[in-house]
Amino acid sequence: MKYIFNPSFKSLEKQIRNFVNNFDTIGILFGDGQRNKIKLFELEDKMINIKSFKIPNIINQVAYKYFRKSKARRSYEYANRLLENGIGTPHPIAYAENFKLSGLEKSFYISEHLQAELTFRELVLQPDYPDHENILRQFTQFTFDLHQKGIEFLDHSPGNTLIKKEANNAYSFYLVDLNRMNFHDMMDFDSRMKNFNRLTPKTEMLAIMSDEYAKLYGKKYDEVFAKMCFYTNDFQTKFHRKIARKKKLLFWR
C-alpha cells in the first residue's frame, strides 16, 4: 500500500495506517456504503473520515495504474487545491493506493470529518427550511466564487455541499466527493449555468439562484434564468430517460 500524507498529520501516520489496514473490521459506517464505503474513526481529539473506493473494473485498474490518477489521489490533490483557493472542504489528511500487477485494486481517501447542520439536499426537500432563501442566495454566492476562480465542480449535486451556520445568519459551504473537477483560466456563461443542472428541478429555487447570480455576474435575470432552466431541464430529461431504460431492462430479465 502506497501512502501520501499531509505533513501536518505525519506524526499520526501509524494510527492512520492501522485504520486503513483494518478498515473492514473497525470504524463506524457513515452512509449506506452501497458504492464507496465511508467510515469514521477517532484520532486523538479529531473525528476523521476514511473513504474506501470501490475496486475498479479491469480496464480502469490498468488505466489508474498507467494513465490516470486514482479517485483517491484526485480527491486529496483537489482538496488541497480548493483550500489554496479559499474554498471550503474537509481538511485532507492522506490517500492510499494498493496496486497489483494487473493495476489499481483498493484506494482510500482520508480527511477530517466535518459535522454540518445540513446539505443542499435539505433545501430541495424542505421548502420551509428555516432561512431557506438566505441560505440559497449565499450558496449561489459560493458557487459564483467557484466559477470566478475557474473551478468547475462536476459533481455539484444536492448531497455534495455541506452547510454550516455561523453567526449573524451567515453560512459556510464545504465541498465533498471531490474526485471530478476541471480547473480553467476562465469559465464562460454556458459552463457556469450548466454547473447548476444537477442541483434542483424546482423552478422557484432556480428563480432565486438566477436572481442572485445575475446580480453578481452583471447579466439580465431573464437570460440567466432561461439558461439555468434549459440545462436543468436537459439534465432531468436525460436522467429520467436513463431510469426508464434501467427499469425496462430489469423487467425483461
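Worth saying up front: this structure is predicted, and the values here are computed from it rather than measured.

Here we look at the nonpolar core
Consideration 1: By size, the foremost hydrophobic cluster in this structure holds 42 residues, and its most contacted members are Phe 120, Leu 123, Leu 175, Met 181, Met 193 and Met 209.
Consideration 2: Of all the elements in the fold, those that place two or more residues in this core are helix H3 (71–84), helix H4 (120–125), helix H5 (132–148), strand E8 (151–153), strand E10 (171–175), helix H6 (189–194), helix H7 (203–217) and helix H8 (221–252).
Consideration 3: When residues no more than four places from it in sequence are discounted, the contact partners of Met 209 are Phe 120, Leu 136, Phe 139, Thr 140, Phe 196, Thr 200 and Met 228.
Consideration 4: Leu 12, Ile 16, Phe 41 and Ala 96 belong to the second-largest nonpolar core, a separate cluster that totals 17 residues.

A word on the sheet that holds strand E3 (residues 37–43)
Consideration 1: With respect to topology, 6 strands assemble into an open sheet ordered E1-E5-E6-E4-E3-E2, the strand pairing being antiparallel. What marks the edges here is a single partner per strand, and that holds for strand E1 (2–5) and strand E2 (28–30). The average angle at which neighbouring strand axes cross in this sheet is 25°, direction not considered.
Consideration 2: Here E1 runs beside strand E5 (residues 92–100); their pairing, made up of 4 bridges, is antiparallel. Pairing of Lys 2 across the sheet is with Glu 97, part of E5.
Consideration 3: Sheet strands in contact with helix H1 (residues 13–21) are E1, E3, strand E4 (46–53), E5 and strand E6 (103–112), and its direction is about 135° off that of E1.
Consideration 4: Contacting E5 and E6, helix H2 (residues 58–66) crosses the sheet at an angle of about 65° to E6.

Focus: the packing of H5 against H7
Consideration 1: As a packed pair, H5 and H7 sit with axes 9 Å apart at the nearest point and diverge in direction by 50°. In terms of their interaxial angle, H5 and H7 are classed as oblique. As for the relative orientation of H5 and H7, their crossing is right-handed in sense. Of the residues in H7, those in contact with His 132, Glu 133, Leu 136, Arg 137, Phe 139, Thr 140, Gln 141, Phe 144 and His 147 of H5 are Met 205, Ile 208, Met 209, Asp 211, Glu 212, Tyr 213, Lys 215, Leu 216 and Tyr 217.

Description of the packing of aromatic side chains
Consideration 1: Across all of its chains, the model carries 18 aromatic pairs by this definition.
Consideration 2: Their ring planes at 85° and their centres at 5.5 Å tell us that Phe 196 and Tyr 213 sit as a pair that is edge-to-face. Note that Phe 196 is positioned in the loop between H6 and H7 and Tyr 213 in helix H7, a separation of 17 residues in sequence. The same class applies to Phe 196 as to Tyr 213, namely buried.
Consideration 3: Every member of this aromatic cluster is reached through a ring pair, and the members are Phe 144, Phe 189, Phe 196, Tyr 213 and Tyr 217.
Consideration 4: For Lys 39, the ring lying beneath its charged end belongs to Phe 23, and the centroid distance is 5.3 Å.
Consideration 5: Positioned above the aromatic ring of Phe 183, the side-chain terminus of Arg 81 is 3.9 Å from the ring centre.

Topic: the pattern of salt bridges
Consideration 1: Within this structure, the stated rule accounts for 18 salt bridges.
Consideration 2: Where Arg 17 meets Glu 13, a salt bridge forms, and the shortest distance between an N and an O atom there is 2.7 Å. Placement of both Arg 17 and Glu 13 in helix H1 is noted, with a separation of 4 residues, approximately one turn of the helix.
Consideration 3: Judged by relative accessible area, which is 30%, Arg 17 ranks as partly exposed.
Consideration 4: Residues Glu 77 and Arg 73 are paired through a salt bridge, measuring 2.8 Å at the closest nitrogen-oxygen approach. With Glu 77 and Arg 73 both in helix H3, this residue pair falls 4 residues apart, about one helical turn.
Consideration 5: By sharing partners, the salt bridges in this structure join Glu 133, Arg 137, Asp 211, Glu 212 and Lys 215 into a single network.

What about the pairing of E3?
Consideration 1: Judged from the 3 bridges that link them, E2 and E3 form a sheet pairing that is antiparallel. By the bridge assignment, Leu 29 is partnered in E3 with Lys 39.
Consideration 2: As consecutive antiparallel partners, E2 and E3 are separated by 6 residues, and within that stretch Gly 31 has a phi angle of approximately 85°, a positive value.
Consideration 3: The loop that links E3 with its antiparallel partner E4 comprises 2 residues; one of these, Glu 44, has a positive phi angle of about 55°.

Brief notes about unusual backbone geometry
Consideration 1: A positive phi angle, near 65°, is found at Asp 131, a position not held by glycine.
Consideration 2: Topologically, Asp 131 is positioned in the loop between H4 and H5.

Reading guide: rules and limits
Residues numbered from 1 in each chain as written. Predicted model: local features only at pLDDT ≥ 70, side-chain atom pairs only at ≥ 80, totals over all residues. Heavy atoms only, no water. Core = buried A, V, L, I, M, F, W, Y, C linked by side-chain atoms within 4.5 Å. Buried < 20%, exposed > 50% of the residue type's maximum accessible area, 1.4 Å probe, protein only. Helix = DSSP H or I, 4+ residues; strand = E, 2+ residues; numbered from the N terminus. Contact = heavy atoms within 4.5 Å. Pairing = 2+ DSSP bridges. Axes fitted to C-alpha atoms, helices over the stretch in contact; angles between N-to-C directions. Parallel < 35°, antiparallel > 145°, perpendicular 65-115°, else oblique. Left-handed = near helix turned anticlockwise from the far one by under 90°. Phe/Tyr/Trp six-rings, centres within 6.5 Å; stacked < 30°, edge-to-face > 60°. Lys NZ or Arg CZ within 6 Å of the ring centre and 35° of its normal. Salt bridge = Lys/Arg side-chain N within 4 Å of Asp/Glu carboxyl O.

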